[in-house]
Amino acid sequence: MLNIQVLGAGVMSSAFAHNQANYHNVHIFPTEYDHSVIKSIESKGKDVRFSVSWPSRLVVSSERLIDPDLLVIGVSSAGIDWALSEVARYSKSVPVLLLTKGIVIIAEDLIPIASYVASQIPNPVSAISGPCIAQDLANGGRSYVALAGEMSESVCQMIQNDCYDVSIVKDMESACWLGALKNCYALAIAAFSSSENARAYWVTCALKEMQTFLSDRSGEASMVTELSGIGDLMVTLAGGRNGQFGGYLQQGMKPNDILNGPMKGKTVEGLMLIKLLAKQDVAQQYPMLDKLWILLSS
Ligand SMILES: NC(=O)C1=CN([C@@H]2O[C@H](COP(=O)(O)OP(=O)(O)OC[C@H]3O[C@@H](n4cnc5c(N)ncnc54)[C@H](OP(=O)(O)O)[C@@H]3O)[C@@H](O)[C@H]2O)C=CC1
Ligand SMILES: O=C(CO)COP(=O)(O)O
């Protein structure tokens, strides 16, 4: 049995922790933003975001594990620097597994968060991409995800289980580009599609554009037809927050009304990413991303 330290009590890191606590000792170290979640867990004896009871080997604590076997970063992209400052407290040899999906700008260049994290810490860094709705995972549904990066074989052995099927892919950068990009494309497909026929058209356009986007960055375009590409796009469109946000746009709602109304307090990574891509004049080079940016900024 391993000792796993999870950083952040957001919905995805908590779902991952619930799954892993069926097999390992798991500690969640909450961020300063997670107070309401922690209060709710303390008063209800379970995490009400999920429909399962609290696993006996799962602990939420502001005391850090000593010498964990694995560190897991599950904050949203806005919290990545907080997570890096936490990682710095642990041994340099402990593997770091990233759940966060996103892109950052470093020295005017856009790079996937996994590459950024790997450049900032000496620890071996791997990242999960691919379809995984947090509630499905926590509630015991079977999930199939892709893992890439340093020490991915040993990390895979640590986290793989009956409900969490992990396959290793070689190209971490392409997997992480796709893990972030699919948020924009799911949002765009949902926003542009007024019918199922239109949705089929926009899904096709999105897959082609994701291939072009990767090829333009010497990435592995064939990964678009794998878990990190079409797999993650489909689940995000059908059950993710980005797809949901796009659905409200399709109904004619304004972005701010959605964020202050039905999606208040929800993490919508596609919105952060399209802003970054537009700021760098990248969104404007890809017709679907350009159309999405025009819709969001009009
Ligand atoms: N790899 C995978 O299989 C999957 C990955 N994801 C990714 O996981 C990430 C987290 O998503 P999810 O858990 O659903 O989101 P949540 O909004 O539930 O959780 C995000 C966490 O990050 C914290 N946070 C936000 N801003 C900051 C900050 N500035 N400093 C410190 N902490 C901060 C949040 O606190 P607060 O809640 O108070 O804002 C919360 O603890 C996203 O990048 C998402 O795309 C999602 C699904 C699957
Ligand atoms: O990344 C996800 C599924 O793999 C979750 O998508 P959302 O962030 O849109 O909910």
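Fair warning: this is a prediction, and the values are worked out from it, not measured in the lab. (Residues numbered from 1 in each chain as written. Chains lettered and ligands numbered in written order. Predicted model: local features only at pLDDT ≥ 70, side-chain atom pairs only at ≥ 80, totals over all residues. Heavy atoms only, no water.)

So, the site of ligand 2
In step 1: Around ligand 2, the neighbouring residues are Lys 101, Gly 130, Pro 131, Cys 132, Lys 182, Asp 232, Val 235, Thr 236, Gly 240, Arg 241 and Asn 242.
In step 2: At 2.9 Å, a side-chain N or O of Lys 101 approaches an oxygen atom of ligand 2.
In step 3: The contact in question runs from an oxygen atom of ligand 2 to an N or O atom on the backbone of Gly 130, over 3.4 Å.
In step 4: A total of 310 Å² of accessible area belongs to ligand 2 in isolation, and the protein chains cover 91% of it.
In step 5: Among the secondary structure elements, those contributing two or more residues to the shell around ligand 2 are helix H9 (227-239) and helix H10 (241-250).
In step 6: Ranked by residues supplied to the shell around ligand 2, first place goes to H9 with three residues.
In step 7: Tallied by class, residues from the shell around ligand 2 come to three nonpolar, four polar and four charged.
In step 8: When we break the shell around ligand 2 down by domain, the ones giving at least three residues each are domain 1 (3-168) and domain 2 (175-297). (Near = heavy atom within 4 Å. Polar contact = N/O pair within 3.5 Å; in protein donor to acceptor, adjacent residues only side chain to side chain. Areas by Shrake-Rupley, 256 points an atom, 1.4 Å probe, with all protein chains shown as cover. Helix = DSSP H or I, 4+ residues; strand = E, 2+ residues; numbered from the N terminus. Nonpolar A, V, L, I, M, F, W, Y, C, P; charged D, E, K, R; others polar. Domains from an automatic or database assignment.)

Describing the domain arrangement of the protein chain
In step 1: What the domain assignment lists for the protein chain is domain 1 (3-168) and domain 2 (175-297).
In step 2: Computed over C-alpha atoms only, the centres of domain 1 and domain 2 are separated by 24 Å.
In step 3: Each side of the interface is counted separately: domain 1 has 25 residues, and domain 2 has 23 residues.
In step 4: When the area that domain 1 buries against domain 2 is broken down by residue, the three leading residues are Lys 101, Ile 103 and Leu 110, summing to 31%.
In step 5: Our count for the contact surface shared by domain 1 and domain 2 stands at one salt bridge. (Contact = heavy atoms within 4.5 Å. Buried area = accessible area lost by both parts, 1.4 Å probe. Salt bridge = Lys/Arg side-chain N within 4 Å of Asp/Glu carboxyl O.)

A look at the UniProt feature "domain: Glycerol-3-phosphate dehydrogenase NAD-dependent N-terminal" (unreviewed entry) in the protein chain
In step 1: Within the UniProt annotation, "domain: Glycerol-3-phosphate dehydrogenase NAD-dependent N-terminal" (unreviewed entry) is assigned to residues 4-150.
In step 2: Helix makes up 28% of residues 4-150 and strand 27%, whereas the separation of the span's terminal C-alpha atoms amounts to 18 Å. (UniProt positions renumbered as here; feature names shortened; annotations may be inferred.)

Focus: the site of ligand 1
In step 1: The immediate surroundings of ligand 1 are formed by 21 residues, with Met 12, Asp 34, Arg 241, Thr 267 and Glu 269 found nearest.
In step 2: Measuring from an oxygen atom of ligand 1, one finds a backbone N or O atom of Lys 101 at 2.9 Å.
In step 3: Glu 269 is positioned with one of its side-chain polar atoms (N or O) 2.5 Å from an oxygen atom of ligand 1.
In step 4: Within the complex, 84% of the 910 Å² of free accessible area of ligand 1 lies under protein.
In step 5: Split into classes, the residues belonging to the shell around ligand 1 amount to 10 nonpolar, seven polar and four charged.
In step 6: In terms of domain composition, the shell around ligand 1 takes at least three residues from each of domain 1 (3-168) and domain 2 (175-297).

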